[in-house]
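# Reading the structure
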Amino acid sequence: MTRELRELSPLDGETFRFYCCGPTVYGPAHIGNFRTFVLQDVFRRTLELSGLKAYHVRNLTDVDDKTIRDSQAAGKKLTEFTSFWRDRFHEDCEALNNLAPHLEPSAVEHIPHQIKMIEELVEKGHAYSSEDGSVYYKVSSFDHYGRLSRLDQRELRDGASGAVTDDEYEKDNVADFALWKGRRDEDGDNFWESPWGQGRPGWHLECSAMCREYLGDTFDLHSGGVDLVFPHHENEIAQSEACTGCKMAEHWFHLTHLLVDGGKMSKSAGNFYTLTQLCEAGFSPAELRYVLISAHYRQPLNFVAKDKDGNENFPALAGAKQALQRLAKFEQSLVEQAGAAGARGFEAALEVENLGSFADSLEALREDLNTPDALGRVFTAIKELKAADLTPKQATVELAGFRVVMEALGVELPKEETGCANVPAQITEMAQARWEAKQSRDWGEADRLRDEIAATGWEVKDTKEGFEICPKS
Ligand code: AMP
Ligand code: ZN
């Protein structure tokens with residue numbers, strides 16, 4: 001709101017409560033959506049690793065123009081249609097190592113809350129109904145309208161900023177927006193009873209109602225991609241603040257868009273990528289996550305999908321693959337230097353707040369969530385530590401600090417590549433478990449797993465960096 005850096009501390013002195021506008025569940029989320037959701041996840045992890053308690057609410061937009069239109073086209077009931085896409089979204093989030101929000105309210109389950117809020121707005125003179133059973137917000141009734149997006153009144157009057165959408169029916173002023181949309185034939189079965197007749201809620205109102213229900217009149221921070229500043233968040237403020245008389249959110253956090261090969265992502269341009277597609281092309285969710293955090297949230301991030309000859313071979317992801325392998329190698333060398341003490345590293349670092357050479361990286365995240373700076377500092381520290389001769393005790397501290405920063409970034413490092421192709425996933429998992437057993441000096445379990453693997457015709461061998469699996473000779 002102020003365009004300044006402000007210190008974050010919970011309004012209630014205890015828990016930092018924040019709301020993120022969630023996905024519209026009518027198709028697969030694209031990697032641009034995930035830039036926003038991954039950085040919001042790093043934001044939460046940074047709060048938590050800094051010792052704050054966080055409460056993260058992210059909604060599901062499961063009733064709006066798009067979900068209704070596409071469920072009708074698919075011949076499915078709205079909830080059947082949206083729950084399918086909700087589940088796909090959850091799978092992608094999990095693969096990308098995003099923590100689940102503490103609460104994920106669904107818009108379609110909060111229609112009574114939305115109706116109640118509209119009634120209050122009508123009562124207070126901020127909304128009016130039209131003959132077709134729709135209800136509009138009267139923008140001129142709210143003095144602060146346009147403050148977040150810094151619109152001036154002229155822009156609003158002329159509707160020059162995209163406020164007018166063709167699905168809004170009979171309003172007094174172009175800037176006014178729908179709180180409730182009177183029933184139309186093309187909505188099919190998707191209508192609800194209200195004091196203004198049958199209809200359905202407007203999109204902006206859904207978030208206002210769910211924020212109020214779960215976070216109260218004022219909460220710490222509200223977030224979304226930059227496209228949501230106007231009109232979505234401007235309208236949320238107008239609705240919520242006119243209703244409650246309180247400031248809606250103490251801070252606003254907007255994430256700049258992801259571009260693909262220098263342009264906007266769109267289905268027609270053929271540059272609309274999903275996680276599934278990138279995995280099919282041989283890349284891992286961790287590699288995508290790494291790319292998504294490699295730029296600062298206030299800068300656009302250009303995802304390079306095609307090389308300079310126009311071949312779609314994802315140079316950005318190939319670079320991330322290498323970076324992750326370097327990080328994994330470094331971690332492994334610290335594990336070896338730390339010896340037996342290394343296993344306890346992560347918790348130890350949090351207890352003593354000693355992150356060794358990695359303290360600067362966490363600091364970079366605390367300072368305006370500077371993810372590229374945090375990564376840059378990790379690689380600088382690695383270079384210095386490689387040249388140093390560490391005692392096991394020093395290596396333990398460094399290992400713990402390194403793991404805390406990886407945890408803040410949500411980066412999962414690849415386990416050592418195996419020496420042979422076509423190893424069944426189950427065998428790799430067993431070898432992984434054996435490696436972990438060895439790390440925690442559980443020799444009995446490690447031997448047991450080695451024998452179990454051998455019984456299937458595979459052999460696991462120790463290497464300097466980890467292990468490799470080969471067919472038994
Ligand atoms: P939607 O599913 O369209 O409601 O969007 C979910 C979230 O993704 C919102 O916070 C959007 O602002 C954000 N978003 C949409 N497109 C992009 C993009 N290209 N880059 C980053 N975030 C985006
Ligand atoms: Zn929202």
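The structure reproduced in this document is the subject of the present report.

Definitions and limits used
Residues numbered from 1 in each chain as written. Chains lettered and ligands numbered in written order. Predicted model: local features only at pLDDT ≥ 70, side-chain atom pairs only at ≥ 80, totals over all residues. Heavy atoms only, no water. Helix = DSSP H or I, 4+ residues; strand = E, 2+ residues; numbered from the N terminus. Contact = heavy atoms within 4.5 Å. Areas by Shrake-Rupley, 256 points an atom, 1.4 Å probe, with all protein chains shown as cover. Lys, Arg positive; Asp, Glu negative; His and termini not counted. Charge placed at Lys NZ, Arg CZ, Asp CG, Glu CD. Pairing = 2+ DSSP bridges. Axes fitted to C-alpha atoms, helices over the stretch in contact; angles between N-to-C directions. Near = heavy atom within 4 Å. Polar contact = N/O pair within 3.5 Å; in protein donor to acceptor, adjacent residues only side chain to side chain. Nonpolar A, V, L, I, M, F, W, Y, C, P; charged D, E, K, R; others polar. Buried < 20%, exposed > 50% of the residue type's maximum accessible area, 1.4 Å probe, protein only. Donors = N, O, S within 2.8 Å, 3.2 Å for Na, K, Ca; no water. Parallel < 35°, antiparallel > 145°, perpendicular 65-115°, else oblique. Left-handed = near helix turned anticlockwise from the far one by under 90°. Core = buried A, V, L, I, M, F, W, Y, C linked by side-chain atoms within 4.5 Å. Domains from an automatic or database assignment. Phe/Tyr/Trp six-rings, centres within 6.5 Å; stacked < 30°, edge-to-face > 60°. Salt bridge = Lys/Arg side-chain N within 4 Å of Asp/Glu carboxyl O.

### Observations regarding the overall build of the protein
Broken down by element type, the protein carries 16 helices and twelve strands. On the principal axes, the C-alpha backbone points of the protein span a range of 80 × 45 × 45 Å. Summarising the internal contacts of the protein: among those between residues at least 6 apart in sequence, 76% fall at separations of at least 24. Accessible area of the protein: about 22,100 Å², with a carbon and sulfur share of 47%. Taking the average place of the 53 positive charges on the side chains of the protein and the average place of its 80 negative ones, the gap between the two points comes to 4 Å.

### What to know about the sheet that holds strand β4 (residues 135–137)
A sheet is described by the order of its strands in space; here four strands give the open sequence β3-β4-β5-β6, paired in antiparallel fashion. Since the sheet does not close on itself, it has two edges, and those belong to β3 (127–129) and β6 (199–201), each with one partner. The average angle at which neighbouring strand axes cross in this sheet is 20°, direction not considered. Pairing analysis gives three bridges linking β4 to strand β5 (residues 177–182), with the strands arranged antiparallel. Residue Y137 lies in a different strand from β5, and its bridge partner there is F177.

### As for the site of ligand 1
In the vicinity of ligand 1, 14 residues are found, and the nearest of them are T24, G32, T36, D227 and L258. In the environment of ligand 1, a nitrogen atom lies 3.0 Å from a nitrogen or oxygen atom belonging to the backbone of G32. At 2.5 Å from an oxygen atom of ligand 1 is found a side-chain nitrogen or oxygen belonging to D227. Residue assignment for the shell around ligand 1 shows that the elements contributing at least two residues are α1 (31–49) and β7 (219–225). With four residues, the single largest contributor to the shell around ligand 1 is α1. Of the residues in the shell around ligand 1, the class split is four nonpolar, nine polar and one charged.

### Looking at unusual backbone geometry
Following F230, the chain continues into P231 via a peptide bond in cis, with omega recorded as 0°. One non-glycine residue with positive phi stands out, namely D261, at about 45°. Mapped onto the elements of the fold, D261 is located in the loop between β9 (258–260) and α8 (275–280). The partly exposed category is assigned to D261, whose relative accessible area is 35%. A positive phi angle, near 50°, is found at F314, a position not held by glycine.

### Re the coordination of the zinc ion (ligand 2)
Around a metal, the perfect tetrahedron of four donors has angles of 109.5 degrees, and the perfect octahedron of six donors has angles of 90 or 180 degrees. Protein-derived ligands of the zinc ion (ligand 2) are C21 (SG), C207 (SG), H232 (NE2) and E236 (OE), with the metal-ligand distances lying across 2.0 to 2.6 Å. Between consecutive donors of the zinc ion (ligand 2), the numbers of intervening residues give the motif C-x185-C-x24-H-x3-E. Of this pair, C21 sits in the loop between β1 (15–20) and α1 while H232 sits in helix α7 (residues 229–244), and the two are 211 residues apart along the sequence. Exposure class is identical for C21 and H232. Each is buried.

### Notes on the packing of helix α4 (residues 111–123) against α7
It is at 9 Å that the axes of α4 and α7 come closest, and there the two elements cross at 70°. Comparing their axes, α7 and α4 come out roughly perpendicular. The element α4 and its partner α7 pack so that their crossing is left-handed. Contact with α4, carried on its side by M117, E120 and L121, involves Q239, S240, A242 and C243 of α7 and no other residues of that element. Among the residues making up the contact of α4 with α7, the classes are represented as four nonpolar, two polar and one charged.

### Re the nonpolar core
Within the largest apolar cluster, 73 residues are counted, with the highest numbers of intra-cluster contacts made by I31, L288, F303, L327, F402, M406 and L409. Counting residues per element, this core draws most heavily on helix α10 (residues 315–338), which supplies ten residues. Counting contributing residues per domain, this core is built from domain 1 (15–255) and domain 2 (323–409), each supplying no fewer than three. Excluding its chain neighbours within four sequence positions, the residues that come into contact with L327 are Y290, V378, F379, I382, F402, M406 and L413. In this structure, I115, I118, M248 and A249 belong to the second largest nonpolar core, which totals 43 residues.

### Regarding the packing of aromatic side chains
A complete count under the given rule lists 19 aromatic pairs for this structure. Ring geometry for F330 against F358: centres 6.2 Å apart, planes inclined by 55°, an arrangement best described as tilted. With F330 in helix α10 and F358 in the loop between α11 (345–352) and α12 (359–366), this residue pair connects regions lying 28 residues apart in the sequence. Looking at F330, the relative accessible area reads 3%, which means it is buried. Its relative accessible area of 0% is what places F358 among the buried residues.

### Concerning the pattern of salt bridges
Should their charged atoms come close, side chains of opposite charge can pair. Considering all chains together, one arrives at 30 salt bridges under this definition. Taking the shortest distance from any N to any O, the salt bridge between D187 and R200 comes out at 3.2 Å. Note that D187 is positioned in the loop between β5 and β6 and R200 in strand β6, a separation of 13 residues in sequence. Residue classification places D187 among the buried residues on the basis of a relative accessible area of 3%.

### Observations regarding the side chain of D220
Mapped onto the fold, D220 is located in strand β7. In this structure D220 touches S9, P10, L11, T15, F16, R17, A249, E250 and H251, once residues within four positions along its chain are discounted.

### Re the side chain of E234
Along the polypeptide, E234 turns up in helix α7. A polar atom in the side chain of E234 sits 2.3 Å from the side chain of S149. Not counting residues within four places of it along the chain, the set of residues in contact with E234 comprises H144, Y145, G146, R147, L148, S149 and V229.

### With respect to the sheet that holds strand β8 (residues 249–255)
Sheet strands associate in pairs through backbone hydrogen bonding, adopting either a parallel or an antiparallel arrangement. Sheet architecture is open: four strands sit in the order β2-β1-β7-β8, paired in parallel fashion. The open sheet has two edge strands, β2 (53–58) and β8, and neither has a second partner. Adjacent strand axes in the sheet meet at a mean angle of 20° when their direction is disregarded. Examined bridge by bridge, β7 and β8 share six bridges and lie parallel to one another. Of the residues in β8, the one forming a bridge with L221 is H251. Contacting β1, β2, β7 and β8, α1 runs over the sheet at an angle of about 175° to β1.

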